[in-house]
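Tertiary structure, described
Given next are the chains, with one letter for each unit.
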Number of protein chains: 2
Amino acid sequence: MRTLEVDLGDRSYPIYIGGDLLKQAGAYFERHGLTKKSPVLIVTDKNVAPLHLHKVEASLQASGYRTVCHIVEAGEPSKSLAVFEQVMTTAIENGLDRKSSVVALGGGVVGDLAGFVAASYMRGVTFVQMPTTILAHDSSVGGKVAVNHRLAKNMIGAFYQPEMVLYDVNSLQTLPDREVRAGLSEMVKHGLIWDEPFANWCGDNCDKLLALDADALEYGLIQGCGIKAKVVATDEREQGLRAILNLGHTLGHAIEATGGYGEYLHGEAISIGMAAAALIAVHRGRDASLYEKTIQLLKGFGLPTAMPQHLKEEQLISAMMHDKKFTENKIVFVLPVRIGEVEIVSDVMLEEVRQVIAELKGEGQNV
Amino acid sequence: MRTLEVDLGDRSYPIYIGGDLLKQAGAYFERHGLTKKSPVLIVTDKNVAPLHLHKVEASLQASGYRTVCHIVEAGEPSKSLAVFEQVMTTAIENGLDRKSSVVALGGGVVGDLAGFVAASYMRGVTFVQMPTTILAHDSSVGGKVAVNHRLAKNMIGAFYQPEMVLYDVNSLQTLPDREVRAGLSEMVKHGLIWDEPFANWCGDNCDKLLALDADALEYGLIQGCGIKAKVVATDEREQGLRAILNLGHTLGHAIEATGGYGEYLHGEAISIGMAAAALIAVHRGRDASLYEKTIQLLKGFGLPTAMPQHLKEEQLISAMMHDKKFTENKIVFVLPVRIGEVEIVSDVMLEEVRQVIAELKGEGQNV
């Protein structure tokens, strides 16, 4: 078991990464001094519940905690205000009080939803994250929680830090192959923005990671979380540096939106977005090898790097314009400088983006 | 014009209290460096809009700000997740971005609703309070914002501090007499919990305050806000001391809930609650004069101090048990020690409350 401390002053918290941590949930609750007098609400989804819920419940109950569950549908539609209100109803009906905890057991959707419940219930109760996907190594660091509005993603939320993150790498063994690849996309991103040796390590170990080798996974997750934690510690409320975490997300979100949030997994969409960012950087004068290295790394994980033919350029551009990261009609992009370093560029022209979309369509489908 | 600084570290903010401040809104926005490139959302209600909205809009627009309005129904039902979502829709459709401000122009309901919108929109934007009631001198200090769940009040919210409070005492001149009295109830409460000379000043100046004398009002509001600010600065997230602000609220909330949130104004309900707290304290050994002085002060403002006959004891008790301020089945009460000082007592027995409810019913209706 490894521990990573996310350093945020009086909102600091540890991430515990290791095997079988879900079965020790009760002991970790005790270690953090969480009261047994107040009920614990576990929020999870229909995919995760049959696999892992009993472990968490059994462990908490064995330690003397009273648990309550709320199981939502798997997938993005559960990040709605309607589902948020249903979870609140469960919390109130089961007598959760100000000393209660809300546990997010699942991936990014459950984490975002349960996190916003924790942030808002009685103006904020204890939040515990138990990620069950690789992708969640990203969302479990940084305290960004939210639900979607029908007009835009993540519009309603908070910055709210957990009390702890329990990352059980055994829970990752049941992930479908496609989700493993997509989750590793964010891990690779952390290498690309901050740490060349780690990016190279990812490339050298893609087979082990894809095979869910426990040692490789623990190391990769600790490094990935660690990079994100460093960035977040510098800029908790996303005023500046934190934007580098959005490498690949500008176009990635547009791909997800245009595909109707279902056709592409988040990690797949940002993989294409990272390829696009590298290509824009090359057009602006970086060495062509930057793009080549980037797509080689992503392809090693079986991730897509070409733009799907059926996504219409105008729809992608329109979706980008609606993204909340654009203010004052200018387009901000995170662009690579070299492997392991990025810069935030605020003057990317629509024409440059159009050009790259066209070129990446020429690369053909390689999903 | 007087300024009170609420001291909360990097979340500190000023309260400006004086005449005609709404007409100077644009200048205050400029003084605080709020950008003119992002639209400003003004949330208000149907009662306040015809009286004051044009002043704020005209002033902001004259300074070069683009304004958007969302006008809700007056009253507690607007503090719902459904209305919250509607305000979010207005914000998104009008292109509010992360540098936008949300203005609460109105009383406590508008302040709570707009405050939670500001806290949650894109995970938090600038919040500006423009209270138009006396009662809001209480809610505009402390950063507690929330909407109601159908099962309980204020269950969904945040601690979120404004950028500034613009308190235009001229806007109070149009308040109905009953709301003036109810608003002054919280002002008296601030004297009762913290400051005997101020409590005495309130008693000596009740006629001036009821007549909305500008000087008396400015002084009373600055003192009331100042007391609340001191308490909140000590305990921003309501871990301890801040609970003293709940004097009269334990039974007061139960009276409001039992009366269906409409029969009694908040200030009226807590007036009865403060009388009850004083009577419990006397039963526990404080001098009988404590109760006499308390009700004399409240009656001076025309506030009720007897328990309405038609409110059923069992319903009041049941409503109290559901209040979020009770944990672990024990009843916490704020009780006066003397005028100007209170204590938090955690062992008040249901029997004591029943006894006092019965006695206060014996006092007869005096609303």
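Position labels on residues start from 1 in each chain and follow its written sequence. Chains carry letters from A onward and ligands carry numbers from 1 onward, assigned in written order. Since the coordinates come from a predicted model, pLDDT governs what is reported: local features require at least 70, and pairs of side-chain atoms require 80 or more to be given and counted, while whole-chain, interface and lining totals use all residues. To get the side-chain values, take all heavy atoms of the structure and skip hydrogens and water.

**Observations concerning the overall build of chain A**
Heads up, the condition is: For the purposes of this entry, the term helix denotes a DSSP run of H or I that reaches at least four residues, the term strand denotes a run of E that reaches at least two, and both are numbered from the N terminus. Taken over C-alpha atoms, the radius of gyration is set against a globule rule of 2.2 Å times the number of residues to the power 0.38. Throughout, exposure labels follow a simple rule: accessible area from a 1.4 Å probe, protein chains only, divided by the maximum for the residue type, with under 20% read as buried, over 50% as exposed, and the rest as partly exposed.
When you go through chain A residue by residue, the secondary structure sums to 14 helices and 11 strands. The C-alpha atoms of chain A give a radius of gyration of 20 Å, which matches the 21 Å a tight globule of 367 residues would have. Dimensions of chain A, computed from the C-alpha atoms along their principal axes, are close to 60 × 40 × 35 Å. Counting across all 367 residues of chain A, residues that qualify as buried make up 62%.

**Section: the sheet that holds strand S1 (residues 2–6) of chain A**
Residues and elements named next belong to chain A. The condition that has to hold: At least two DSSP bridges between two strands are required for those strands to pair. Axis geometry follows a simple rule: fit a line to the C-alpha atoms, using only the stretch in contact for helices, then measure angles between N-to-C directions, giving values from 0 to 180 degrees. Only heavy atoms matter for contacts: two residues are in contact if any of them lie within 4.5 Å across the pair.
Taken in spatial order, the seven strands of this open sheet run S1-S2-S9-S6-S5-S3-S4, and their pairing is mixed. Each edge of the open sheet carries a strand with a single partner, namely S1 and strand S4 (67–72). Neighbouring strand axes in the sheet, compared pairwise and without regard to direction, differ in orientation by 20 degrees on average. Of the pairings in the sheet, the one linking strand S6 (residues 126–131) to strand S9 (residues 164–168) comprises two bridges and is parallel in character. Bridge pairing in S9 links Gln-129 to Val-165. Running over the sheet, helix H2 (residues 49–62) touches strand S3 (40–45), S4, strand S5 (101–106) and S6 and is turned about 170 degrees from S3.

**Regarding the pairing of strand S7 (residues 144–149) of chain A**
Residues and elements named next belong to chain A. Within S7, five of the six residues are buried, which leaves the element mostly enclosed by the surrounding structure. Pairing analysis gives five bridges linking S7 to strand S8 (residues 152–159), with the strands arranged antiparallel. If you follow His-149 over to S8, its bridge partner there is Ala-152.

**Examining the relation of the copies chain B and chain A**
The criterion, for reference: Residues below a pLDDT of 70 in either copy are left out; the C-alpha atoms of the rest, at least 70 in both, set the least-squares superposition of the copies.
Least-squares fitting of chain B to chain A yields an RMSD of 0.0 Å, with the transformation described by 0.0 Å of translation along the axis and a rotation of 180 degrees. What the superposition gives is, in effect, a two-fold axis relating one chain to the other. Among all residues of chain B, the minimum C-alpha distance to the rotation axis is found for B:Leu81, at 4.0 Å. Comparing contact sets, 100% of the residues at the interface of chain B also lie at the interface in chain A, consistent with an isologous, same-surface contact.

**Quick notes on the sheet that holds strand S5 (residues 101–106) of chain B**
Residue and element names in this part refer to chain B. The sheet built from seven strands is open, its strands ordered S1-S2-S9-S6-S5-S3-S4 with mixed pairing. Bordering the open sheet on either side are strand S1 (2–6) and strand S4 (67–72), each of which pairs with just one other strand. Shown here is a sheet whose adjacent strand axes are inclined to one another by a mean of 20 degrees, direction ignored. Direction of pairing for S5 relative to strand S6 (residues 126–131): parallel, over a ladder of six bridges. Bridging from a neighbouring strand, Gly-106 pairs with Pro-131 of S6. Against the sheet, helix H3 (residues 81–93) engages strand S3 (40–45) and S4, with an angle of about 160 degrees to S4. In the packing of helix H4 (residues 108–120) onto the sheet, contacts are made with S3, S4, S5 and S6, and the angle to S5 comes to roughly 175 degrees.

**Comments concerning helix H10 (residues 249–258) of chain A**
Residue and element names in this part refer to chain A. By the criterion of burial, H10 is predominantly enclosed, with eight of the 10 residues buried. Buried within H10 are the following residues: His-249, Thr-250, Leu-251, Gly-252, His-253, Ala-254, Ile-255 and Glu-256. On its buried face, H10 sits against S8, helix H6 (177–194), helix H11 (266–283), helix H13 (313–322), strand S10 (331–338) and helix H14 (350–362).

**So, the interface of chain B and chain A**
Definition in use: Reported buried area values correspond to the accessible surface (1.4 Å probe) lost by two parts on association, with both partners' losses combined. A side-chain nitrogen of Lys or Arg and a carboxyl oxygen of Asp or Glu constitute a salt bridge if their distance falls within 4 Å. Note on residue classes: Ala, Val, Leu, Ile, Met, Phe, Trp, Tyr, Cys and Pro are nonpolar, Asp, Glu, Lys and Arg are charged, and everything else, Gly too, is polar.
Each partner contributes to the interface: chain B provides 35 residues, whereas chain A provides 35 residues. Summed over both sides, the interface of chain B with chain A buries roughly 3,400 Å², with 59% coming from carbon and sulfur. Considering only the surface of chain B that becomes buried against chain A, B:Arg98, B:Arg123 and B:Met155 emerge as the three largest contributors, covering 25% of it. At the surface where chain B touches chain A, the tally comes to zero salt bridges. If you list the elements that add at least two residues to the side of chain B that touches chain A, you get H3, H4, strand S7 (144–149) and strand S8 (152–159) of chain B. When residues in the side of chain B that touches chain A are grouped by element, the largest group, seven residues, is from H3(B). Looking at side-chain class alone, the side of chain B that touches chain A contains 16 nonpolar, six polar and 13 charged residues.

**Focus: the domain arrangement of chain A**
All names here are of chain A. Rules: Source of the domain bounds: an automatic or database domain assignment.
Structurally, chain A comprises domain 1 (2–174) and domain 2 (177–362). Of the residues lining the interface, 29 residues belong to domain 1; the matching set on domain 2 comes to 30 residues. Surface buried jointly by domain 1 and domain 2 totals about 2,800 Å² across both partners, of which 65% is contributed by carbon and sulfur atoms. Linking Glu-236 and Arg-11 is a salt bridge whose minimum nitrogen-to-oxygen distance equals 2.6 Å. Residue assignment for the side of domain 1 that touches domain 2 shows that the elements contributing at least two residues are S1, strand S2 (13–18), helix H5 (136–139) and S8. Classifying every residue of the side of domain 1 that touches domain 2 gives 13 nonpolar, 10 polar and six charged.

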